[in-house]
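Geometric and topological summary
Here's the letter readout for the chains.
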Amino acid sequence: MAVNQSQLGQMFEQVLHLSKVDATQSVAILKSHYSDARTVQAATDAALRLGAKVYCVELPAFNHPTAMGNDMTAYCGDTALTGNIAAQRALEAADLIVDTMMLLHSPEQEQILKTGTRILLAVEPPEVLARMLPTEEDKTRVLAAAAVLEKARIMTVKSQAGSDFRAPLGQYPTVTEYGYADEPGRWDHWPSGFLFTWPNEDQAEGVLVLEVGDILLPFKSYARERITLEIEKGFVTRIHGGFEAEYLRDYMSYFNDPEVYGISHIGWGLQPRAQWTAMGLHDKNDGMCMDARAFYGNFLFSTGPNTEVGGKRKTPCHMDIALRRCDIKVDDLLVVAEGQVVAPEASLAR
C-alpha cells in the first residue's frame, strides 16, 4: 500500500533520531536523477525538523559500459563519485550522509567512512521502508548474534537440499546492519537486519545448493530448479544444474575476471518483518530487494568483491544469494536450524 509524504517524513525523523541527528549535526543528502524524489524530500525535511544543518550533493548518473541492467548492485566499484574529489570532500564534511543513489562497494565510500562521517543508505521504495522501519530491538538482536560470530573460528552450513559448506573465520571483521547509523564511521542500510563476515582467504570449501524458491540477486529471481555450486580454496569452481545454472555461469563469465568467483560475505538474516515472498510483488527496478537479504533465518552468501573490509578482490560482479531451510553453525553453536533462528537467545524475534 502507498505511504503518504507526511508518514514518510515522520519515519525519516525517527530513523535520523536513532542515527543521533540533532542541532549539532550536519546532514548531506546524496542524490542523482534516479533517486526517489519522495525519499530525498522526506530525508531533507526530517533533518531540518531535528535542527541539523542540511545540504544536498547531486551527482550525474554513471553507467559503466560493462554494466547490465538497472539494479544498483549489478556493477560494483566505480560510481558517479569516482574521481570527483570536490564532491567527496563536500560529503566528508557532513556528520551524516543520507545516500539515495548508492555508493556501496566503492573505494570512495570507504574513504569517507574513515573520516568519521556516517552513511545511511535508503534506496528502497517507501512502502518497504515503512514495513521494516528500524527499532532499537533490531539492533539488540543483531548485536547479540554478532557477539557470537565475532568470536567464531568456523562457520558450517548444511541443508537437506545438499549444501555442505565450511568457512574458516577470523581474518575479517563481522559487519552488522540494523537500519541506522549511530556511531562515527558507521555505514548502515534502512531497511536491513542481518550480519555477516568473510571467510579467510582461499579457505572456504564445500558445496552450496540452491533449492527451488531460493533467491538470486541482482537477478531478482526465485530459483525454479536446483543449482549446485562447488567451492574449492575460496572460489566457486563449478556451477551445474539446468538452464538456470547455465544462465548464472554465462552471466559471471561475461565479466572475464576470475575474481568474480571468490566467496565474499556470509551470514544470516534476523529481520522478522522482511519477507521471502516480497520480491514477487515488486517490479525488478523497485530498489534492491532488501527483503531477500534480511529475511529471518536465511543463509545469505555472496561472490565477488571484498575490498570493503580490506580484501584485495576488486571486481564489478557481485552476486547475493539467499538460501532457505539451512542449518548454520558457528563453531559448535547451532544458530539457525532448518531456516529458523535458534541462538543466541537474545537474537530471537519476540
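Residues numbered from 1 in each chain as written. Predicted model: local features only at pLDDT ≥ 70, side-chain atom pairs only at ≥ 80, totals over all residues. Heavy atoms only, no water.

**Considerations on the pattern of salt bridges**
Opposite charge on two side chains lets them pair, provided their charged atoms get close. In plain terms, the rule: Each reported salt bridge corresponds to a side-chain nitrogen of Lys or Arg within 4 Å of a carboxyl oxygen of Asp or Glu. Starting at the N terminus, helices and strands are each numbered in turn, a helix being any DSSP run of H or I of at least four residues and a strand any DSSP run of E of at least two. Buried, partly exposed and exposed residues are distinguished by accessible area as a fraction of the type maximum, computed with a 1.4 Å probe on protein chains only: under 20%, between the cut-offs, and over 50%, respectively.
Enumeration over the complete set of coordinates arrives at 17 salt bridges. Residue E211 is joined to R226 by a salt bridge in which the shortest nitrogen-to-oxygen separation is 2.4 Å. With E211 in the loop between β10 (205-210) and β11 (215-217) and R226 in the loop between β12 (221-222) and β13 (227-232), the pair connects residues that are 15 residues apart, well separated along the chain. The class for E211 is partly exposed, based on a relative accessible area of 25%. Linking R293 and D320 is a salt bridge whose minimum nitrogen-to-oxygen distance equals 2.8 Å. In this pair, R293 is assigned in helix α8 (residues 290-294) and D320 in strand β17 (residues 319-323), connecting sequence segments 27 residues apart. Accessibility assignment for this pair places R293 and D320 in one class, buried. Through salt bridges that share partners, D138, R141 and R273 make up one connected network.

**Observations regarding the sheet that holds β10**
Applied cut-off: Two strands pair if DSSP finds at least two bridges between them. Here a residue-residue contact requires only that any non-hydrogen atoms of the pair lie within 4.5 Å. Fitted lines through C-alpha atoms serve as axes, helices being fitted only where they are in contact, and the angles separating the N-to-C directions of these axes extend from 0 to 180 degrees.
Read from one edge to the other, the open sheet built from eight strands follows the order β14-β13-β10-β6-β5-β18-β19-β20, with strand pairing classed as antiparallel. One side of each edge strand has no neighbouring strand; the edge strands of this open sheet are β14 (235-241) and β20 (340-341). Relative to β13, β10 runs antiparallel, the two sharing five bridges. Bridge pairing in β13 places V207 opposite E230. Sheet strands in contact with helix α7 (residues 243-253) are β13 and β14, and its direction is about 145 degrees off that of β14.

**Observations regarding the packing of helix α3 (residues 85-92) against helix α4 (residues 107-114)**
The cut-off we apply is this: Two helices cross in a left-handed way if the nearer one is turned anticlockwise from the farther one by less than a right angle. They cross in a right-handed way if the turn is clockwise. Ten residues, namely Ala, Val, Leu, Ile, Met, Phe, Trp, Tyr, Cys and Pro, are considered nonpolar, four, namely Asp, Glu, Lys and Arg, are considered charged, and the remaining ones, Gly among them, are considered polar.
Here α3 crosses α4 at 35 degrees, and the two axes come no closer than 9 Å. Every pair of crossing elements has a handedness; the one defined by α3 and α4 is right-handed. From α3, Q88, L91 and E92 reach across to α4, where they touch E108, Q111 and I112. Looking at side-chain class alone, the contact of α3 with α4 contains two nonpolar, two polar and two charged residues.

**Notes on the sheet that holds strand β15 (residues 263-269)**
The pairing of strands in a sheet comes from backbone hydrogen bonds and takes either a parallel or an antiparallel form. Spatially, seven strands are ordered β7-β9-β15-β16-β17-β11-β12 in an open sheet, and the strand pairing comes out antiparallel. Of all the strands in the sheet, just β7 (175-177) and β12 have a single pairing partner and so form its edges. Against the sheet, helix α6 (residues 136-149) contacts β7, β9 (194-197) and β15, and its axis sits at roughly 20 degrees relative to β9.

**Digging into the domain arrangement of the protein chain**
Rule in force here: Boundaries of every domain are those given by an automatic assignment or by a domain database. Accessible area that two parts lose when put together, evaluated with a 1.4 Å probe and summed over both, is termed the buried area. We define a polar contact as two N or O atoms separated by no more than 3.5 Å, with the added condition that, inside protein, one atom must be a possible hydrogen donor and the other a possible acceptor, whereas residues neighbouring each other in sequence contribute only through side-chain atom pairs.
On domain assignment, one finds that the protein chain holds domain 1 (5-123) and domain 2 (133-347). Summarising the inter-unit geometry, the C-alpha centres of domain 1 and domain 2 are found 24 Å apart. The interface of domain 1 with domain 2 comprises 34 residues on the first partner and 30 residues on the second. Carbon and sulfur atoms supply 63% of the area that domain 1 and domain 2 bury against each other, a total of about 2900 Å² over both sides. Applying the counting rule to domain 1 against domain 2 returns two salt bridges. Note that K20 is salt-bridged to E183, the shortest N-O span being 3.7 Å. The interface formed by domain 1 and domain 2 holds 13 residue pairs in polar contact (both at pLDDT 80 or more) in total. Residue assignment for the side of domain 1 that touches domain 2 shows that the elements contributing at least two residues are α1 (5-18), α4 and β4 (118-121). If one sorts the elements of the side of domain 1 that touches domain 2 by residue count, α1 sits on top with five residues. Along the lines of polarity and charge, the residues of the side of domain 1 that touches domain 2 split into 19 nonpolar, 10 polar and five charged.

**Describing α6**
Quick reminder of the rule: A helix is expected to span 1.5 Å multiplied by its residue count minus one.
With 14 residues, α6 extends 20 Å from end C-alpha to end C-alpha; this agrees with the ideal 20 Å at 1.5 Å per step. For α6, the elements touching its buried residues are β5 (154-159), β7, β9, β15 and β18 (326-330).

**Thoughts on the packing of aromatic side chains**
Where we set the bar: For Phe, Tyr and Trp, where Trp contributes only its six-membered ring, two rings pair if their centres lie within 6.5 Å, and the inter-plane angle classes them as stacked under 30 degrees, edge-to-face over 60, or tilted in between. Counting as a charge over the ring demands two things of the Lys NZ or Arg CZ atom: a distance within 6 Å of the ring centre and an angle within 35 degrees of the ring normal.
Enumeration according to the criterion identifies 12 aromatic pairs in this entry. Plain terms: the ring middles of Y251 and F255 are 5.4 Å apart, the flat faces sit at 80 degrees to each other, and that makes the pair edge-to-face. What makes F255 buried here is its relative accessible area of 10%. Judged by centre distance (5.9 Å) and plane angle (20 degrees), the rings of F299 and F301 are stacked. By the burial criterion, F299 is buried, and F301 matches it. Site record: aromatic cluster; members linked through ring pairs are F219, F243, Y247, Y251, Y254 and F255. If you follow R324 out to its NZ or CZ, it ends over the ring of W276, 3.9 Å from the centre.

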